[in-house]
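Spelled out, the chains give:
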Amino acid sequence: MELRGNQITLGELWDNPKSRAVFQKRIPMLAKHPLQGAARTVTLEQLRDFLSGWVPGIMINGVMQELKRL
């Protein structure tokens, strides 16, 4: 999947069933978060920066690698 330099939005990723499945599998709490709708304009880069304080780097890197393979 082309992540456009990590500038692809979460809305675009969540609208794609394959990339949504990556989030549901690897970071399920994000996929079920009540603010998911409000976060649709957040870029993947912004999400990565935000998650780095809450989620281990290996988990974030795994998500990024899996999305690139789609």
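Structure first, text after, so check above.
Please read these numbers as outputs of a predicted model, since none were measured by experiment.

Here is what the cut-offs are and how they apply
- Residues numbered from 1 in each chain as written.
- Predicted model: local features only at pLDDT ≥ 70, side-chain atom pairs only at ≥ 80, totals over all residues.
- Heavy atoms only, no water.
- Buried < 20%, exposed > 50% of the residue type's maximum accessible area, 1.4 Å probe, protein only.
- Helix = DSSP H or I, 4+ residues; strand = E, 2+ residues; numbered from the N terminus.

**Digging into unusual backbone geometry**
Residue R4 is not a glycine yet carries a positive backbone phi of 50°. Exposure remark for R4: the relative accessible area of 41% places this residue in the partly exposed category. Its identity is not glycine, yet N6 carries a phi of approximately 65°, on the positive side. The class for N6 is buried, based on a relative accessible area of 14%.

**Section: the environment of G57**
Summarising the element assignment, G57 is placed in helix α5 (residues 57-69). Of the residues examined, G57 reaches a relative accessible area of 40% and is grouped as partly exposed. For the pair G57 and T41, spaced 16 residues apart in sequence, the C-alpha separation works out to 23 Å.

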